[in-house]
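Here is what each chain is made of, one letter per residue.
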Amino acid sequence: MTTKLRTLAGATLAATLTCGAPAAFAQDAALPNTVVWTTYDTGGAMHSAAVAISSALKQNDNLNLRVISAGNGVAQQSTLKAGRADFVLAGFDVYFAQEGAFQFGAADWGPQPVRLVMTSMTDQGFGLAISPEVAENVAGPGDLRGLRVAYVQGSPSIQGALQALVIACGDMTWDDVEKVEVPGFGASVDAYINDQADVYFTSTNSGTSVKADASSRGLTWVPVPFDNDACWEEIRATDPRWIKKVVTEGVNIPEGGIEMASYPDMLLNTTADRDADYVKAMLSTVYGNFDDINGATPTTYGLALDRQILDYTVPFHDGAIAYFKETGVWTDEMQEHNDMLVARQDALKAAWDEVVAMNISDEAEFATAWKAKRIEMLEAEGFDVPVRDW
């Protein structure tokens, strides 16, 4: 069967983008005086980036960009669902919200009509931080058996990363490691620092990585060797976000870098029904102030126009597409890919509606029916079906 969904491994990293700076835009009348973004907890790279953007927009355009914190992906996406935020600057949880996977498979959630606005790709990476003392015997994920792994509740993005990088790549089950459940990302860092966990998932350039490294435990990284074909096959079958990346930036990254698995550092997303002029104005205002945003934190340079990934696993919002067309970086191939992703979301919604119509009251029975119907509907329409169980 010919599949329609390309993984990031097969996508191009903005090869057709022009590298010149976009034209400057003044704050658009389509924006209100206050815009609300949700991101991760204080101290993380995403929160720092959001605050830097907020500062630039306030100083230059007198736009109030309010940044609120939420420690996990479900909490972040719930601010969109409840109308308490306009945008979420976070990680790959937007994909799991689209899929109705993990906690988003609960009866009060289901597949969400999410849309990307902007992505980020830096020279840092995402991966498994580990104590240097423990890392002496660890050459890859397969050597993590028996270790304590911080598991963030309510964060499908981190849970999915651990499932791919620890369990699938390492050819293990959760019985082979000690799962240390914590309520949020910040708590996973604390668990590591307090010697309650040996491994946790984070970014190499995060402020929390600096904090962990400065603790008595120190910090280093679990490599994901490129020549481990079985590992990479399992990673990509489990979770479509991952690419091979030689990470050269971050805490305790050696000269020459480390072979790791990675994905976009940040994803700004909103809902499909957000006004297109509003979304375009938001993007225009960010890039209109990019000279002040670029370099304001160690990661904001990754938001540059020539680093955008415009053929990712979640469709872009029509307002964002309008901006990218204006700046000359949106292609017919990107539009075709985006249209396919929207059609795939429609198939997910149709599958969800069929399950809801069954009026299943038992949670476990509902979850089983949804997983089966999701696979059935996507395969019938010719779409790829990563994340088959959770």
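Small disclaimer: the values here were computed from a predicted structure and weren't measured.

**Some points on the overall build of the protein chain**
Looking only at helices and strands, the protein chain features 13 helices and 12 strands. The C-alpha radius of gyration of the protein chain comes to 20 Å, within 12% of the 21 Å expected for a compact globule of 390 residues. Overall, the protein chain is about 55 × 50 × 35 Å in size when its C-alpha atoms are taken along their principal axes. In the protein chain, which comprises 390 residues, the share counted as buried stands at 59%. Considering only residue pairs separated by 6 or more positions, the protein chain has 74% of its internal contacts joining residues 24 or more positions apart. Total accessible area on the protein chain stands at roughly 15,100 Å², and carbon and sulfur atoms take up 46% of it. Between the centroid of the 26 positive side chains of the protein chain and the centroid of its 53 negative side chains there is a distance of 3 Å.

**Examining the confidence of the model for the protein chain**
Summarising the model, the protein chain shows a mean pLDDT of 90, and 93% of its residues fall at 70 or more. Here residues 1-26 is a poorly scored stretch, pLDDT under 50, and it has 58 contacts once near neighbours within four places are set aside; other chains count.

**Considerations on the packing of aromatic side chains**
Evaluation of the coordinates by the stated rule reveals 26 aromatic pairs. An angle of 75° between the planes, with centres 6.1 Å apart, marks the rings of Phe-316 and Trp-330 as edge-to-face. Of the two residues, Phe-316 sits in the loop between α10 (290-293) and α11 (318-326) while Trp-330 sits in the loop between α11 and α12 (332-356), which places them 14 residues apart along the sequence. This pair shows no difference in class: Phe-316 is buried, exactly as Trp-330 is. By way of ring pairs, the aromatic residues Phe-92, Tyr-95, Phe-96, Phe-102, Phe-126, Phe-201, Trp-242, Tyr-263, Tyr-312 and Trp-390 are connected into one cluster. Here the guanidinium or amino end of Arg-241 rests over the ring plane of Tyr-263, the centre of that ring lying 4.9 Å away.

**What to know about the packing of helix α6 (residues 185-193) against helix α7 (residues 207-214)**
Between α6 and α7, the least distance of the axes is 10 Å, while the angle of their chain directions is 15°. With respect to each other, α6 and α7 are oriented roughly parallel. Note on packing geometry: the crossing formed by α6 with α7 is right-handed. Of the residues in α7, those touching α6 at Phe-185, Val-189, Asp-190, Tyr-192 and Ile-193 are Thr-208, Lys-211 and Ala-212. Grouping the constituent residues of the contact of α6 with α7 by class yields 5 nonpolar, 1 polar and 2 charged.

**Topic: the environment of Met-260**
Summarising the element assignment, Met-260 is placed in strand β11 (residues 258-262). Spatially, the C-alpha atoms of Met-260 and Trp-221 are 8.9 Å apart, while their sequence positions differ by 39 residues. In this view, Met-260 contacts Phe-126, Gly-127, Thr-204, Trp-221, Val-222, Val-224, Phe-226, Trp-232, Ile-243, Lys-244, Lys-245 and Val-247; residues no more than four positions away in its chain are not counted.

**Points about the pattern of salt bridges**
By the definition in use, this model includes 16 salt bridges. With its nearest N and O atoms 2.4 Å apart, the salt bridge here joins Lys-280 to Glu-326. Highlighted residues: Lys-280 in helix α9 (residues 276-288) and Glu-326 in helix α11, separated in sequence by 46 residues. On the accessibility criterion, Glu-326 (49% relative accessible area) is partly exposed.

**Focus: the packing of α12 against helix α13 (residues 363-380)**
Contact geometry for α12 and α13: axes closest at 9 Å, N-to-C directions at 140°. Like other packed secondary-structure pairs, α12 and α13 cross with a definite hand, here right-handed. Contact residues: Arg-344, Ala-347, Leu-348, Ala-350, Ala-351, Trp-352, Glu-354, Val-355 and Val-356 in α12; Phe-366, Ala-369, Trp-370, Lys-373, Arg-374, Met-377 and Leu-378 in α13. Partitioned by chemical class, the residues of the contact of α12 with α13 number 12 nonpolar, no polar and 4 charged.

**Describing the state of the cysteines**
By definition, a disulfide links two cysteine residues through a covalent bond between their sulfur atoms. Across all of its chains, the model carries 1 disulfide by this definition. Note that Cys-169 is cross-linked by a disulfide to Cys-231, the S-S spacing being 1.9 Å. Torsion about the S-S bond of the Cys-169 and Cys-231 cystine: about -100°, corresponding to left-handed handedness. In this pair, Cys-169 sits in the loop between α5 (156-168) and β7 (178-182) while Cys-231 sits in helix α8 (residues 229-238), placing the two residues 62 residues apart along the sequence. Residue Cys-169 is classed as buried on the basis of its relative accessible area of 9%.

**Comments concerning the pairing of strand β3 (residues 87-90)**
Burial along β3 is two-sided: Phe-87 and Leu-89 and Val-88 and Ala-90, pointing in opposite directions, are all buried. Note: strand β1 (residues 34-39) against β3, 2 bridges, orientation parallel. Paired with Trp-37 across the two strands is Phe-87, which belongs to β3. Relative to strand β12 (residues 267-271), β3 runs antiparallel, the two being bridged by 3 bridges. Note on β12: the bridge partner recorded for Leu-89 is Leu-268.

About the thresholds
- Residues numbered from 1 in each chain as written.
- Predicted model: local features only at pLDDT ≥ 70, side-chain atom pairs only at ≥ 80, totals over all residues.
- Heavy atoms only, no water.
- Helix = DSSP H or I, 4+ residues; strand = E, 2+ residues; numbered from the N terminus.
- Rg over C-alpha atoms; globule rule 2.2 N^0.38 Å.
- Buried < 20%, exposed > 50% of the residue type's maximum accessible area, 1.4 Å probe, protein only.
- Contact = heavy atoms within 4.5 Å.
- Areas by Shrake-Rupley, 256 points an atom, 1.4 Å probe, with all protein chains shown as cover.
- Lys, Arg positive; Asp, Glu negative; His and termini not counted.
- Charge placed at Lys NZ, Arg CZ, Asp CG, Glu CD.
- pLDDT = per-residue confidence, 0-100.
- Phe/Tyr/Trp six-rings, centres within 6.5 Å; stacked < 30°, edge-to-face > 60°.
- Lys NZ or Arg CZ within 6 Å of the ring centre and 35° of its normal.
- Axes fitted to C-alpha atoms, helices over the stretch in contact; angles between N-to-C directions.
- Parallel < 35°, antiparallel > 145°, perpendicular 65-115°, else oblique.
- Left-handed = near helix turned anticlockwise from the far one by under 90°.
- Nonpolar A, V, L, I, M, F, W, Y, C, P; charged D, E, K, R; others polar.
- Salt bridge = Lys/Arg side-chain N within 4 Å of Asp/Glu carboxyl O.
- Disulfide = S-S within 2.5 Å.
- Pairing = 2+ DSSP bridges.

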